[in-house]
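Here's the letter readout for the chains.
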Amino acid sequence: MGAIEQARVTVIGLGQMGGTLADAFLAAGHRVTVWNRSADKATPFVARGARAAESVAEAVRDGDLVLVVLPDYEVAQRILDPVAAELAGKTVVQLTSGTPEQARTAGNWAHRHGISYLDGAAMSGTTLVGRPEALFIFGGAAATFAAHRNVLRALGNPVHLGDDPGLAGLYDTALFGLIWGALSGFYHGTALARADGVDARSFAEVAAEHLSFIAYLLREHAGQIDDGSYPAEDGTLDVHAAAMDHLIDTSRQFGVETAVPELFATLIQRGRRAGLGSEGIASIVRPILSGAVEQRQGTPL
Ligand SMILES: NC(=O)c1ccc[n+]([C@@H]2O[C@H](COP(=O)([O-])OP(=O)(O)OC[C@H]3O[C@@H](n4cnc5c(N)ncnc54)[C@H](OP(=O)(O)O)[C@@H]3O)[C@@H](O)[C@H]2O)c1
């Protein structure tokens with residue numbers, strides 16, 4: 001192992017995610033203290049070099065960076081409240097999943113107690129943790145993130161979204177939609193490919209290559225959505241409606257369930273009914289956002 005700056009890291013919660021994070025810090029050579037409600041879960045981590053604290057207070061005293069990885073904010077707050085005084089001057093990194101509002105409330109709580117606070121989300125499951133491609137996103141003071149960035153690198157690729165602690169929860173929640181949408185499309189496409197005799201692995205190889213085009217479209221269309229202008233260069237809603245009909249018809253011919261393409265076809269039809277048929281495909285965001293428009297007056301859609 002090269003010379004690293006050894007940090008004192010505490011991990012509270014040794015479930016599937018917390019345990020993986022504790023191991024990543026150990027692998028990076030940091031001094032790791034762990035605490036878990038069921039104390040026996042700490043034993044294998046001690047065998048790998050961690051120190052098991054007997055209480056939350058002891059765990060918190062032992063670390064400068066305190067990661068909290070619990071099922072929800074209610075549980076996390078119940079555990080942290082009694083040790084607020086011990087946490088003063090330290091940094092809490094909340095990796096418990098929750099809403100932006102819960103993160104902001106926790107950030108305010110930390111601020112009142114003189115605790116530096118980052119609210120994060122693990123975006124790549126557990127199996128990639130410790131590798132550079134494992135994405136971790138954080139909201140919270142830029143200076144706090146900068147101070148701990150090198151230590152957080154033990155987990156993968158730590159990315160700072162901004163000073164607002166609610167940002168990680170917001171991105172995390174919004175990106176659920178991306179992963180489920182992408183996987184829905186993949187599962188449907190795989191079913192169609194298999195129905196015509198192509199195995200899933202062969203299909204996935206080509207689908208994975210196709211993702212770079214999809215990533216390109218995300219960035220292009222984000223600019224259009226922010227600017228409220230939808231050129232037709234990636235196809236109009238009318239053109240995409242015809243393509244969706246083709247996908248739905250072909251699926252039916254092969255006896256493949258059509259709920260996935262029908263969802264997108266329904267959204268396209270809504271856009272066409274709203275008069276967007278000759279606009280670029282990214283204008284589909286307008287009917288999707290229609291309920292939110294009144295709350296965000298002045299935002300171009
Ligand atoms: N697993 C993933 O792939 C993944 C991915 C992204 C985000 N996350 C997020 O990470 C957080 C933890 O998930 P996980 O998968 O690690 O969960 P998990 O495997 O179910 O572990 C839950 C942990 O919370 C502890 N716990 C539960 N109730 C508690 C209570 N009332 N008081 C104290 N400790 C309590 C458990 O302790 P005991 O051992 O005593 O039961 C255990 O350490 C969640 O917010 C989850 O959404 C997980």
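Caption draft 1: Geometry of the pairing of strand β2 (residues 31-35). In terms of burial, β2 is largely enclosed, as four of its five residues are buried. Strand direction decides the pairing type here: strand β1 (residues 8-12) and β2, joined by five bridges, are parallel. Note on β2: the bridge partner recorded for threonine 10 is threonine 33. Chirality of the crossover, the property in question, places the unit of β1, helix α1 (residues 16-27) and β2 among those that are right-handed. Relative to strand β3 (residues 51-52), β2 runs parallel, the two sharing two bridges. What sits directly across from threonine 33, in β3, is arginine 51.

Caption draft 2: Quick look at the site of the ligand. Near the ligand there are 20 residues, and of these Met17, Asn36, Ser38, Lys41 and Ser97 occur at the shortest range. In this structure, glutamine 16 approaches the ligand through a main-chain N or O atom, which is 2.8 Å from an oxygen atom. Between arginine 37 and the ligand, the recorded distance is 3.0 Å, taken from a side-chain N or O atom to an oxygen atom. For the ligand, whose accessible area on its own is 890 Å², the fraction buried by protein is 73%. Of all the elements in the fold, those that place two or more residues in the shell around the ligand are α1 and α4 (73-80). When residues in the shell around the ligand are grouped by element, the largest group, three residues, is from α1.

Caption draft 3: Main features of helix α9 (residues 200-227). Between its first and last C-alpha, α9 extends 39 Å over 28 residues, near the 40 Å set by a 1.5 Å rise per residue. Its axis deflected by about 25° at glutamate 209, α9 carries its strongest bend there. When we look at burial in α9, the residues that qualify are Ala207, Leu217, His221 and Gln224. Where α9 is buried, its residues touch α8 (167-195). Backbone nitrogen of arginine 201 and a side-chain oxygen of the N-cap are separated by 3.3 Å at the start of α9; the cap is aspartate 199.

Caption draft 4: Region of the structure containing the environment of glycine 277. Tracing the backbone through its elements, the reader meets glycine 277 in the loop between α11 (259-273) and α12 (285-293). Take glycine 277: its relative accessible area is 9%, and that puts it in the buried class. C-alpha separation for the pair glycine 277 and valine 239, spaced 38 residues apart in sequence, amounts to 8.3 Å. Ignoring anything within four residues of it in the chain, the contact list for glycine 277 reads Thr236, Leu237, Asp238, Gly271 and Arg272.

Caption draft 5: The arrangement of the layout of surface pockets in detail. In this structure, the second largest pocket spans a volume of roughly 270 Å³. In terms of residues, the lining of the second largest pocket owes the most to one element, helix α7 (residues 142-152), which gives four residues. For the lining of the second largest pocket, the class distribution of residues is six nonpolar, four polar and three charged.

Definitions and limits used
Residues numbered from 1 in each chain as written. Predicted model: local features only at pLDDT ≥ 70, side-chain atom pairs only at ≥ 80, totals over all residues. Heavy atoms only, no water. Buried < 20%, exposed > 50% of the residue type's maximum accessible area, 1.4 Å probe, protein only. Helix = DSSP H or I, 4+ residues; strand = E, 2+ residues; numbered from the N terminus. Pairing = 2+ DSSP bridges. Right-handed = clockwise from strand over helix to strand, strands pointing away. Near = heavy atom within 4 Å. Polar contact = N/O pair within 3.5 Å; in protein donor to acceptor, adjacent residues only side chain to side chain. Areas by Shrake-Rupley, 256 points an atom, 1.4 Å probe, with all protein chains shown as cover. Expected span 1.5 Å × (residues − 1). Bend = angle between axes of the 7 residues up to and from the residue. Contact = heavy atoms within 4.5 Å. 1 Å grid on protein atoms, 1.4 Å probe; cavity = no way out; pocket = protein on both sides within 12 Å on 5 of 7 lines; lining within 4 Å. Points joined across faces, edges and corners; volume = space filled by probe spheres on them. Nonpolar A, V, L, I, M, F, W, Y, C, P; charged D, E, K, R; others polar.

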